[in-house]
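What follows is the residue order along each chain.
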There are 2 protein chains.
Amino acid sequence: MPRFAPLPDSLPQTVPFIGPETLERRRGTPFAARLGANESAFGPSPLAARAMREAVGGIWKYGDAPGHDLTHALATQLGAAPANIMLGEGIDGLLGTLVRLMVAPGDAVVTSDGAYPTFNYHVTGFGGVLHKVPYRDDAEDPQALLQAARETQARLIYLANPDNPMGSWHKGAAIEAMLDDLPPDCLLVLDEAYAEFAPAEAIPRIDPADPRVIRMRTFSKAYGMAGARIGYAVGAPDLIAGFDRIRNHFGVNRIAQAGALAALADPGWLAHVVASVTAARDRIAQIGAESGLTALPSATNFVALDTHRDGAFARGLVAALEARDVFVRMPGVAPLDRCIRISCAPDPELDVLAKALPAALQDLA
Amino acid sequence: MPRFAPLPDSLPQTVPFIGPETLERRRGTPFAARLGANESAFGPSPLAARAMREAVGGIWKYGDAPGHDLTHALATQLGAAPANIMLGEGIDGLLGTLVRLMVAPGDAVVTSDGAYPTFNYHVTGFGGVLHKVPYRDDAEDPQALLQAARETQARLIYLANPDNPMGSWHKGAAIEAMLDDLPPDCLLVLDEAYAEFAPAEAIPRIDPADPRVIRMRTFSKAYGMAGARIGYAVGAPDLIAGFDRIRNHFGVNRIAQAGALAALADPGWLAHVVASVTAARDRIAQIGAESGLTALPSATNFVALDTHRDGAFARGLVAALEARDVFVRMPGVAPLDRCIRISCAPDPELDVLAKALPAALQDLA
């Protein structure tokens, strides 16, 4: 076989995440509760669902490459210009394009040890060199990130606020302060996938045209459209325009664009989902407490439950839950990996969890 | 603003294609006939449309990353193993991933002068050096492609069979013969986006595990699902596995996967579309002939109409048709650019064309 190019040839075969369908095929049975991927089982707005069904009639047409209507609607909502916004195939797709745009082989990139694996996958995939700083008190550590960026002349700092996998968050003012301390030629990648669930104080006030930061948002979480693969980046016009040099221009599904546009126009459903998630977080905390597990505070649609044990124990618990038909995930590195991570969901799924968790702990005892 | 990495910084702002919605916004009025992007206005199978509408209910879930069900159905249809097949966000997405996998900066890649611009865009985007050979008799020239690959030590040869934008095709035996003449370490990229419209003799018989070639197919053309962004590559297992090192694993829309699976199970609809396209090709040829334009033979869902003039004239004709609300495109380089390219469509759209074409020619006279 013709050889791969040297960079891809050097990459491992591993993938960042194994999806629940793959696990179900391995198990031979479906999950009774799908609580591992921070999807929203509360679903999309009924208006978005209707728009997507109606958009099937036009599926023979390629989608609109610039995503004009959605981009303009987002601009209005965000108080930005359309030139500040770039659509993409979810934040995963946008992160890959951004890394390609900014990181040459050998360039340094800074993130937190235990933060989003798919970002790391893209950095490694384009030959970047990752520098990881530890979490501090189960939260990403802005000062340590900045310090590492200065020391390594990093091109990018990745920060998720609110954080995945811990659910913690920083105040917007702390993020704003980071911008003033960024080293030269370093861009802050602010992953706000969970922003809609966060308290208002967690959202920084940043000029959409600020060239020091790019923000990433998605329709996969609060908008309940993970399978549609649509998200957006907000940044300075020159940075946003750069995406058009390398992206797959017609890559965003036409049905996804129609659904996202309709979802934006239904703030009532978003409020319903956020309220449902708040209630589900409380219930997950209660389910955990009944088994001696402690919920960490969360500004997201998931809850990290502290097992008060180590990573080996938590990994065993995830496996025991899987054996009892409950799909959850957990942080990958110590000391975060003392926790398991449970996605919010409607009560029937949480009923399954409430029954399975004490039994799974019993299995391990 | 933090600078781009050197390679993207060197790239132009141009995009390979301007979509019809963008043109409509510039014009301020919609097109009456959308005949420029080789979409299928005959639409998807009704079974596929129903599957897509039903899949909206599960849109809160991420899609299945390996696309297990569709990959297995394709394998059965193709007499291949699932390990021979990789799904992607249309052939555009797959070409980008393939180029990244195979082409390092400075590597040579061979294609035909006037062939698919989006392939060229990806090659340039990853720092590859394009070597273009002329068409011969309005068809891509296998011997010239092979010769250029030998001279440049090319990593890839791109060949579309049937060809876009001319609609011409080679016999499968000629493609099979190319494989034996490929230089070492050079992969043939066989773009078969239009294969379903071609005569059986145009489809080469190639072992799906043959390491010398990767074939690309799509649900965007005959299956009428361009907006769904789903296609697939067929190749040797080690080559196919390489995609997992760098691709966006959850990037294929969940609704698209459901629609494609249902579309595969409806060969009757595919036969209906192919028959409709055959009839539309004849009608486009007749419409052209009535205005003194000659249809080139086509094995695709479009027809290149020879204006018997030059590129400047044909560009004027495309603009005059646009002014009369008809969207068509044309080849980009001489001597192909003496033609305009018309996508097959149902009769109402072709009625618009039949009226607009003589009028547009009159406008130019």
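Definitions and cut-offs
Residues numbered from 1 in each chain as written. Chains lettered and ligands numbered in written order. Predicted model: local features only at pLDDT ≥ 70, side-chain atom pairs only at ≥ 80, totals over all residues. Heavy atoms only, no water. UniProt positions renumbered as here; feature names shortened; annotations may be inferred. Axes fitted to C-alpha atoms, helices over the stretch in contact; angles between N-to-C directions. Helix = DSSP H or I, 4+ residues; strand = E, 2+ residues; numbered from the N terminus. Parallel < 35°, antiparallel > 145°, perpendicular 65-115°, else oblique. Left-handed = near helix turned anticlockwise from the far one by under 90°. Contact = heavy atoms within 4.5 Å. Nonpolar A, V, L, I, M, F, W, Y, C, P; charged D, E, K, R; others polar. Least-squares fit on C-alpha atoms with pLDDT ≥ 70 in both. Buried area = accessible area lost by both parts, 1.4 Å probe. Salt bridge = Lys/Arg side-chain N within 4 Å of Asp/Glu carboxyl O. Polar contact = N/O pair within 3.5 Å; in protein donor to acceptor, adjacent residues only side chain to side chain. Disulfide = S-S within 2.5 Å. Buried < 20%, exposed > 50% of the residue type's maximum accessible area, 1.4 Å probe, protein only. Pairing = 2+ DSSP bridges. Domains from an automatic or database assignment.

- If you look chain A up in an unreviewed UniProt entry, it shows as Pyridoxal phosphate-dependent aminotransferase from Paracoccus gahaiensis.
- Note on chain A: under the UniProt heading Pathway (unreviewed entry), the record states "Amino-acid biosynthesis."

### Some thoughts on the packing of helix α3 (residues 46–55) of chain A against helix α10 (residues 254–264) of chain A
Residue and element names in this part refer to chain A.
So, point 1. Two elements in contact, α3 and α10, have axes separated by 8 Å at closest approach and are oriented at 150°. When the axis of α3 is compared with that of α10, the two are roughly antiparallel. With respect to the hand of their crossing, α3 and α10 are arranged in right-handed fashion. On the side of α3, the interface is formed by Leu47, Ala48, Ala51, Met52 and Ala55, while α10 contributes Ile255, Ala258, Gly259, Ala262 and Ala263.
So, point 2. Residues that form the contact of α3 with α10 fall into these classes: nine nonpolar, one polar and no charged.

### So, the relation of the copies chain B and chain A
So, point 1. When chain B is fitted onto chain A, the two copies agree to an RMSD of 0.0 Å after a turn of 180° and an axial shift of 0.0 Å. Such a combination of turn and shift is consistent with a two-fold rotation axis. Closest approach to the rotation axis within chain B is made by the C-alpha atom of Arg53(B), at a distance of 2.4 Å.
So, point 2. Comparing contact sets, 100% of the residues at the interface of chain B also lie at the interface in chain A, consistent with an isologous, same-surface contact.

### Regarding the interface of chain B and chain A
So, point 1. The interface of chain B with chain A comprises 80 residues on the first partner and 80 residues on the second.
So, point 2. Looking at the side of chain B facing chain A, the largest losses of area belong to Trp60(B), Tyr62(B) and Arg245(B), adding up to 14% of the total buried there.
So, point 3. The tally of links from chain B across to chain A stands at six salt bridges.
So, point 4. Linking chain B with chain A are 44 residue pairs in polar contact (both at pLDDT 80 or more), by the criterion used here.

### Some points on the state of the cysteines
So, point 1. One pass over the structure, following the stated rule, counts zero disulfides over all chains.
So, point 2. Just so you know, Cys339(A) is unpaired, no disulfide at all, and the nearest cysteine sulfur is the one on Cys344(A), 15 Å from it.

### As for the UniProt feature "domain: Aminotransferase class I/classII large" (unreviewed entry) in chain A
So, point 1. Mapped onto this numbering, the UniProt entry annotates "domain: Aminotransferase class I/classII large" (unreviewed entry) at residues 35–357 of chain A.
So, point 2. Across residues 35–357 of chain A, helical content stands at 40% and strand content at 15%; the span's end C-alpha atoms are separated by 12 Å.

### With respect to the pairing of strand β10 (residues 302–306) of chain A
All names here are of chain A.
So, point 1. Within β10, five of the five residues are buried, leaving the element largely enclosed by the surrounding structure.
So, point 2. Of the two faces of β10, the one lined by Phe302, Ala304 and Asp306 and the one lined by Val303 and Leu305 are each fully buried.
So, point 3. Two elements, strand β9 (residues 294–295) and β10, share two bridges in a ladder whose sense is antiparallel. Bridging across to β10, Thr294 finds its partner in Asp306.
So, point 4. Counted along the chain from β9 to the antiparallel partner β10, the turn is six residues long.

### Details of the pattern of salt bridges
So, point 1. For the coordinates displayed, the defined rule picks out 38 salt bridges over all chains.
So, point 2. Asp185(A) is paired through a salt bridge with Arg155(A); the nearest N and O atoms lie 4.0 Å apart. Of this pair, Asp185(A) sits in the loop between α8 (172–181) and β6 (187–191) while Arg155(A) is found in the loop between α7 (142–152) and β5 (156–160), placing the two residues 30 residues apart along the sequence.
So, point 3. Taking relative accessible area as the criterion, Asp185(A) reaches 26% and is therefore assigned partly exposed.
So, point 4. Taking the relative accessible area as the measure of exposure, Arg155(A) reaches 2% and is therefore buried.
So, point 5. The closest approach of N and O atoms between Glu39(B) and Arg34(B), which form a salt bridge, is 2.8 Å.
So, point 6. Assessed through its relative accessible area of 3%, Glu39(B) is described here as buried.

### A look at the domain arrangement of chain A
Residues and elements named next belong to chain A.
So, point 1. The domains assigned to chain A are domain 1 (18–43 + 268–364) and domain 2 (48–265).
So, point 2. Between the C-alpha centres of domain 1 and domain 2 there is a distance of 25 Å.
So, point 3. With 24 residues of domain 1 at the contact, the number on the domain 2 side is 22 residues.
So, point 4. On the domain 1 side of the contact with domain 2, Leu270, Ala299 and Leu336 bury the most area, a combined 28% of that side's loss.
So, point 5. For the pair domain 1 and domain 2, the number of links is one salt bridge.
So, point 6. The partner of Asp138 in a salt bridge is Arg338, with the nearest N and O atoms 2.7 Å apart.
So, point 7. Our count for the domain 1 to domain 2 interface comes out at six residue pairs in polar contact (both at pLDDT 80 or more).
So, point 8. Going through the elements one at a time, α11 (267–290), β10 and β12 (339–343) are the ones with two or more residues in the side of domain 1 that touches domain 2.
So, point 9. Considering each element in turn, the side of domain 1 that touches domain 2 owes the most residues, five residues, to α11.

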